Amino acid sequence: MHGEGTSRIHFHCVFGAFEGRSAGAGLFHTLLCVQRSAHSAVWKKRSVLSSPSASKIDSLRSKVELLKLPLTLSSKSISERKTRLGGATERSRGGAGAHKPRPPAPDMDNESQYSGYSYKSSHSRSSRKHRDRRDRHRSKSRDSSSRADKSVTIQAPGEPLLDAESTRGDDRDDNWGETTTVVTGTSEHSVSNEDLTRASKELEDSSPLECRRFAGPVLSGVLGLFALLTPLAFLLLPQLLWRDSLEPCGTPCEGLYVSLAFKLLVLLISSWALFLRPPRATLPRFFVFRCLLMALVFLFVASYWLFYGVRVLEPRERDYRGIVGYAVSLVDALLFIQYLALVLLEVRHLRPAFCLKVVRTTDGASRFYSVGHLSIQRAAVWVLDHYYTDFPVYNPALLNLPKSILSKKMSGFKVYSLGEENSTNNSTGQSRAMIAAAARRRDNSHNEYYYEEAEMDRRVRKRKARLVVAVEEAFTHIKRLQDDEAASSPKHPREVMDPREAAQAIFAPMARAMQKYLRTTRQQPYHSMESIIAHLQFCITHNMTPKAFLERYLAPGPTMQYQRENGSRGRQWTLVSEEPVTSALRQGLVFSLRRLDFALVVTVTPLPFLNLGEEFIDPKSHKFVMRLQSETSV
Amino acid sequence: MSFIPGHPVTAVVQRIEIHKLRDGDNLILGFSIGGGIDQDPSQNPFSEDKTDKGIYVTRVSKGGPAEVAGLRMGDKIMQVNGWDMTMVTHDQARKKLTKKNEDVVRLLVTRKSLENAVRQSMMQH
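Computed from a prediction, not measured in an experiment: that's the story for all the values here. (Residues numbered from 1 in each chain as written. Chains lettered and ligands numbered in written order. Predicted model: local features only at pLDDT ≥ 70, side-chain atom pairs only at ≥ 80, totals over all residues. Heavy atoms only, no water.)

Asker: Give me the lowdown on the sheet that holds strand S4 (residues 590-594) of chain A, citing residues and values where you can.
Answerer: All names here are of chain A. Taken in spatial order, the 5 strands of this open sheet run S2-S1-S5-S4-S3, and their pairing is antiparallel. Each end of this open sheet is capped by a strand with a single partner; those strands are strand S2 (366-371) and strand S3 (574-577). Within the sheet, the average angular offset between the axes of one strand and its neighbour, ignoring direction, is 25°. Across 5 bridges, the pairing between S4 and strand S5 (residues 599-606) is antiparallel. Directly across from Leu-593, in S5, lies its bridge partner Leu-600. (Pairing = 2+ DSSP bridges. Helix = DSSP H or I, 4+ residues; strand = E, 2+ residues; numbered from the N terminus. Axes fitted to C-alpha atoms, helices over the stretch in contact; angles between N-to-C directions.)

Have a look at this one:
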């Protein structure tokens, strides 16, 4: 058990040491390979070395050295890790509370709090934060900031590399490596063996993700092809088998041939349009209507074949016109099923019947949408489609109250009762006094919040003003070269630049103002220097004004704006619902779509029934009088 | 002073007799009126019921005959020399008050304080 405990600590530490800094991607990937393929062997090895040493930090360091063996790592990186780890452990050995001074991060509220806790306590902030980190690691995709020096990812197959929507602020990434070396090895919070096996199983399950997406269309394609070829088979089989004994069939047959061909063409095109296009989302359960329709088609075709086999093939029917008519009736029936499919799949959900309220759990951004009759899973897909274009991007750095306000609230009185027997009155009086004091004290924090907000607004506005001025000025340095000017300017030979060079030329004066503004509004993970220059080049090419260039940075855009190009891998969302997800929407239903660090909660309310009345107003009836209010003196 | 359609209006009234003052060719009473069935009752600052379209005293000039006689600002005039003032237009009210061949007008006016006084005296018994 103890060995198990320390081996868990070790896994913690590995996460912490390797994750935050550069060159971690390959490292981590190999680590995961190890974990997936031979984790049991590694675990055993670790447990052997576990020593019940008083200082757990030393055991951590020894475990790191051991891990070098199964992985092909360069010694340089390991020594780098070791020095960092050693440095961190030295710091932490000095006292659990002493951390190196971090860059001012308003959401880091653990600087002053550590002094109160020993590093053995299980409720320290680092372990709690670490638990959150680990929960994210356990899932498939890992987020990271978009900066090049910090791209560490768990690359599971079929998952996006960089997940821009749930990016954490770089403050957290910065400090993550340092704090977790002091991790406390309590059993309930560390990665246990079954967690690892579960993670590995999840990774294995995700590999047929690509195949799952296309299984549905392939099946329906096969069925559709079979259904389409059936009438042709009906027509051809008698010709092939007993051609001589067939009655010749003149003009009516030819008419039927033409109509058959046309209907088959329409069927082909519409079934491709309805069924065969790969869907943009994989649903957790079967798509009920589609399954129903496929079953119906199968039933139809099977029964037609049955009758064909019994009535035509067996007795070698000679009336060819009847056979052609039979084939045409099959095609008609398929067309009607096609029509039904059109209504069920495409039209029914267009007429609005429900109003969905979508609220994001982390910052309360909400929208209202009108949808028709859908099942829960289809409604979830619909909501997500609109989420990517409507909701402002989720910025985790904007969530927390400034530390100065929270710290006052967090440090509360600790009331220790000293074991007096008849102290009930005293304790209630004491607790009441404490609550009253706490309530009175809490009255000040909203004041501080107000001033802090005002100060923040002022700062943002100031930076924004500087940014706007800098950008406007930068844009005046550039002018589009007209075609006639190129010929006639021998006196002032100006250097002719293409858009990229022009963008780079004018980026320099505005770079500082831009960086300060992005830092103030906590947007800097979303915009790298490269992306800003690319955007600048784009704006210059299209003759945009400085204001048009800035619109991307002055307001947080929808999440779609920050998506990377690897959308083919897909975004992983989890649908959480109490009802089975194929049931239809109805009033009062609540389901949520969970992502790694935030969720969308969707509430369904029906749209009100409208009673529209009529009132006729005669245009001549609009008459007015003055409002009199006279006063006469008598 | 509330008005219920179809029922007679009851009020506690005070008799006020004003002797007109001759000022050149005019006879003045020394107050101003507002209200009337052709006016907007919601703008009347003196009425309790804002749908009351009666004639109200809006101003009493200092030292004039009306003030001497006891008329106060905010009084509602119910009758002038026997003519009803509760359902007249503004102009009709003015005419009834400023008849040239009358030197004295006898008004019946009502105000809230009268009603309160009567109620208080009734409660004492």
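Asker: Now, about the interface of chain B and chain A: what can you tell me, with residues and values included?
Answerer: At the junction of the two partners, chain B supplies 19 residues and chain A supplies 8 residues. Here chain B meets chain A over a buried area of about 1,100 Å², counting both sides, of which 45% is carbon and sulfur. Among the residues of chain B in contact with chain A, B:Gln39, B:Asp40 and B:Gln43 are the three that bury the most area, contributing 38% of the side total. Connecting chain B to chain A are 0 salt bridges. Linking chain B with chain A are 8 residue pairs in polar contact (both at pLDDT 80 or more), by the criterion used here. Elements that contribute at least two residues to the side of chain B that touches chain A include exactly strand S4 (31-34), strand S5 (55-60) and helix H2 (90-97) of chain B. Here the element with the most residues in the side of chain B that touches chain A is S4(B); it accounts for 4 residues. For the side of chain B that touches chain A, the per-class residue count stands at 5 nonpolar, 10 polar and 4 charged. Summarising the sheet, strand S6 (residues 631-633) of chain A and S4(B) pair through 3 bridges and their orientation is antiparallel. Bridging from a neighbouring strand, A:Ser633 pairs with B:Ser32 of S4(B). (Contact = heavy atoms within 4.5 Å. Buried area = accessible area lost by both parts, 1.4 Å probe. Salt bridge = Lys/Arg side-chain N within 4 Å of Asp/Glu carboxyl O. Polar contact = N/O pair within 3.5 Å; in protein donor to acceptor, adjacent residues only side chain to side chain. Nonpolar A, V, L, I, M, F, W, Y, C, P; charged D, E, K, R; others polar.)

Asker: Please set out unusual backbone geometry residue by residue, giving values where relevant.
Answerer: Trans is the common state for peptide bonds, and a negative phi is the common state for residues other than glycine. In the Ramachandran plot, A:Arg522 falls in the positive-phi region, its phi being about 60° despite a non-glycine side chain. Following the sequence through the fold, A:Arg522 ends up in the loop between helix H16 (499-520) and helix H17 (529-541). For B:Asn81, which is not a glycine, the phi torsion comes out positive at approximately 50°. Tracing the backbone through its elements, the reader meets B:Asn81 in the loop between strand S6 (76-80) and strand S7 (83-84).

That's the geometry; what it means functionally is another story.
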